Amino acid sequence: MLEADGLRRHFGGVKAVDGVSFTVGEREIVGVIGPNGSGKSTLVSLLMGNNRASGGSVRFAGRDVTRVAPHRRVHLGMARTFQETRLFGDVDATSNVTLAGTEAGRGTDAGQLATDCLAFVGLDGIEGAAVDDLTHLQQRLLMIAVALASRPSLVLLDEPAVGTAGEELSRMIDVIRRIPAERDCSVLLIDHNMRLVMGVCERLVVLDFGKVIASGPPAEVREDPRVIEAYFGAEAV
Amino acid sequence: MRPNLSLLVPSAVLLALAVYALTGADPYLLSVLSTVLIYAVATSGLNLLAGFGGYPNLSQATFMGVGAYAGAYAVNTLHWGFWAVMVVGPLAAAAVGAVVAVPLLRLQGQYFAIATLLLGVVFTTVMQNEESLGGSLGIGGFTRPFTDSTGWFLFLLAIQAVLTGLTAWIAGRPLGRHLDALRQDESLSESIGIPVRRRKFEAFVLGSAVGGLAGVLLANNSFYVAPDLFNFFESFLVFVALIVGGPGTVAGPLLGAAFLIGLPEAFRFAQEARYLFMGVAFVLVMGLAPDGIVGAASRLTQRSRRRSPRPATIREPSREAVAVGPGQGDDHA
Ligand SMILES: Nc1ncnc2c1ncn2[C@@H]1O[C@H](COP(=O)(O)OP(=O)(O)O)[C@@H](O)[C@H]1O
Ligand SMILES: [Mg+2]
């Protein structure tokens, strides 16, 4: 489905992403974890094309998309959410989803898609609400509904659960876990919340200073001494 | 759905102007109104990228200048007639727009604003030194078929009517929808499949062409052009007109142009100080109507239409709906 090969992105002297390779299979949920500043968000922007790679390549659905514009990647079946809350603030919640459905809904009626995606994330009932009137969790869920409205076959979620805990986090975990089966869609899940990634992902990729330092099933990665030092060690401090 | 795309108000205004012109208008007022219409054309062009797209474009007078001077060249050197000039002006402005759009549209916010402003400085400097086109004194030679002021006014009115309809049409097309989206968030827009770069380019080039049309009209209105008519201060004023009238609305350019041209006329007695009055009026309008005259008007009419501004219960029931599960959120209706 997705193949990143030696992806690099430098900002001046900072090697934000430094030769990252991994794959995401069909209907798989792969997690990318790593400390703050390890290059996770930059990686998402490279995969989506919002940021231009300094080197390496991205293949999606058997096609080299490294030089393909982001909006075209959407039409090929990729979608993303942002770490920061990004929504269209001048229109209501439903219109946010309809807008995405209109662009890349692949023939499905945009209104139908919007209803469907809002229901999927559990936001049926907010229809005409202004984005500013939503709670933080509702905004984060709405972002996922917007991403799913283009009927992607791969969605990149950049810290979707940021700022949520307890019951709200459970709700978010439930939505993400249902994506592959119910939306026929792979997930690349960026987060540094252990409860989230451990509970949801089949495979993990661990980044540190822009490099992959470990990858594999969550249980294995958790035991890796380099990961304990770079990630859990850093978090324990 | 944006409430400010109605054709009702601008159609009524344009119709009233037509009736006024046909029923023996005051010649002085008619000439002022002609200028209003020409600047409404310029502002309509600016409305695409700056209004719908939210880009602070401070070069609209420059493109008026490109159109006007292309017309001057066509008239004086090539001896072309009015209709050919009407075509060549917008085309020249579109061509220049297409070339400068590529580097300019890499910029955003204040950097875009400054770069477009500098474009105007470059243009006026070049024209001041281009002796074959009159240098800083300017150049004439324009002739037009609409020799009486009523006919000319109706011609301008027809052009603005077409542009008003075009604006309403574009607003409902992908171009308008995409500009509206990218104004709110460019990264999010491209991430839901919107061709952001292409839309900005189209808006800039189309807006420049309409600016060029306004320039040709201005040249034929006064039979004369000079570099100072198109300096960066003029670009700034056209931008102010859009902001005052209502960016991203159908009626905004016409109302804004009336403000831009009408107010200095009203404060003519104050001579140079009239820009001071304009500044004060601008601050007043922006204080009362931060989204322009059209925005304020539509907010007033909406308030009277729906009694309660917003269901106050939305936050709480929705929170429950999220916690409990789907299908529970409609109990607050
Ligand atoms: N646009 C940018 N310009 C300069 N440096 C950047 C930019 N974006 C990210 N960086 C740097 O790249 C590194 C990785 O950032 P990021 O991808 O946001 O990490 P993460 O998402 O893992 O916290 C950081 O050192 C950050 O400062
Ligand atoms: Mg990040």
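Look a little higher up for the structure.
Residues numbered from 1 in each chain as written. Chains lettered and ligands numbered in written order. Predicted model: local features only at pLDDT ≥ 70, side-chain atom pairs only at ≥ 80, totals over all residues. Heavy atoms only, no water.

**Q** Looking at this structure, I do not really get the overall build of chain A. What am I missing?
**A** Looking only at helices and strands, one finds nine helices and ten strands in chain A. Whereas a compact globule of 237 residues would reach a radius of gyration of roughly 18 Å, chain A reaches 17 Å, a difference of no more than 12%. Seen along its three principal axes, the alpha-carbon backbone of chain A occupies a region of about 50 × 40 × 35 Å. Here chain A holds 237 residues, and the buried ones make up 58% of them. (Helix = DSSP H or I, 4+ residues; strand = E, 2+ residues; numbered from the N terminus. Rg over C-alpha atoms; globule rule 2.2 N^0.38 Å. Buried < 20%, exposed > 50% of the residue type's maximum accessible area, 1.4 Å probe, protein only.)

**Q** For this particular structure, what's the right way to read the coordination of the magnesium ion (ligand 2)?
**A** Working reference: metal with six octahedral donors, ideal angles 90 or 180 degrees; metal with four tetrahedral donors, ideal angle 109.5 degrees. Residues and elements named next belong to chain A. Within the protein, the magnesium ion (ligand 2) binds to Ser-41 (OG) and Gln-83 (OE1); these donor distances fall in the range 2.0 Å. Pair noted here: Ser-41 is in helix 1 (residues 40-48) and Gln-83 is in the loop between strand 6 (78-80) and helix 3 (93-104), with a separation of 42 residues, a long-range link. Using a relative accessible area of 26% as the deciding quantity, one classes Ser-41 as partly exposed. For Gln-83, a relative accessible area of 28% puts it in the partly exposed group. (Donors = N, O, S within 2.8 Å, 3.2 Å for Na, K, Ca; no water.)

**Q** I keep staring at the site of ligand 1 and nothing clicks. Help me out?
**A** Residues and elements named next belong to chain A. Ligand 1 sits among Phe-11, Val-14, Ala-16, Pro-35, Asn-36, Gly-37, Ser-38, Gly-39, Lys-40, Ser-41 and Thr-42. Taking Gly-39, its main chain carries an N or O atom lying 3.0 Å from an oxygen atom of ligand 1. The contact in question runs from an oxygen atom of ligand 1 to an N or O atom on the side chain of Thr-42, over 2.5 Å. When ligand 1 is considered free in solution it has 560 Å² of accessible area, and contact with the protein chains removes 59% of it. (Near = heavy atom within 4 Å. Polar contact = N/O pair within 3.5 Å; in protein donor to acceptor, adjacent residues only side chain to side chain. Areas by Shrake-Rupley, 256 points an atom, 1.4 Å probe, with all protein chains shown as cover.)

**Q** Explain unusual backbone geometry here, please?
**A** With glycine set apart, most residues show a phi of negative sign, and most peptide bonds adopt trans. A positive phi is found at Phe-209 of chain A, a non-glycine position, where the angle reads about 50°. Here Phe-209 of chain A lies in the loop between strand 9 (203-208) and strand 10 (211-216). One non-glycine residue, Phe-223 of chain B, lies in positive phi territory at about 55°. Tracing the backbone shows Phe-223 of chain B in the loop between helix 9 (196-222) and helix 10 (232-245).

**Q** I'm lost on the side chain of Ser-45 of chain A in this one. Help?
**A** All names here are of chain A. Topologically, Ser-45 is positioned in helix 1. Polar contacts involving the side chain of Ser-45 include one to the side chain of Arg-80, which spans 3.3 Å. Not counting residues within four places of it along the chain, the set of residues in contact with Ser-45 comprises Asn-50, Asn-51 and Arg-80. (Contact = heavy atoms within 4.5 Å.)

**Q** Any chance you could explain the interface of chain B and chain A here in plain terms?
**A** Interface size, as often reported, equals the accessible area lost upon joining of the parts. Each side of the interface is counted separately: chain B has 28 residues, and chain A has 37 residues. Summing both sides of the interface, chain B and chain A together bury roughly 2700 Å²; the carbon and sulfur share of this comes to 56%. Residues Arg-177 of chain B and Glu-103 of chain A are paired through a salt bridge, measuring 3.3 Å at the closest nitrogen-oxygen approach. The tally of links from chain B across to chain A stands at nine residue pairs in polar contact (both at pLDDT 80 or more). Of all the elements in the fold, those that place two or more residues in the side of chain B that touches chain A are helix 7 (174-184), helix 8 (186-191) and helix 14 (315-324) of chain B. (Buried area = accessible area lost by both parts, 1.4 Å probe. Salt bridge = Lys/Arg side-chain N within 4 Å of Asp/Glu carboxyl O.)

**Q** Please explain helix 11 (residues 252-266) of chain B as it appears in this structure.
**A** Structural remark: α-helix, 3.6 residues per turn; residues separated by three or four positions point the same way. Here helix 11 of chain B is 15 residues long and its end C-alpha atoms lie 20 Å apart, about the 21 Å a rise of 1.5 Å per residue gives. Within helix 11 of chain B, burial applies to Gly-252, Pro-253, Leu-254, Gly-256, Ala-257, Phe-259, Leu-260, Ile-261, Leu-263 and Pro-264 of chain B. (Expected span 1.5 Å × (residues − 1).)

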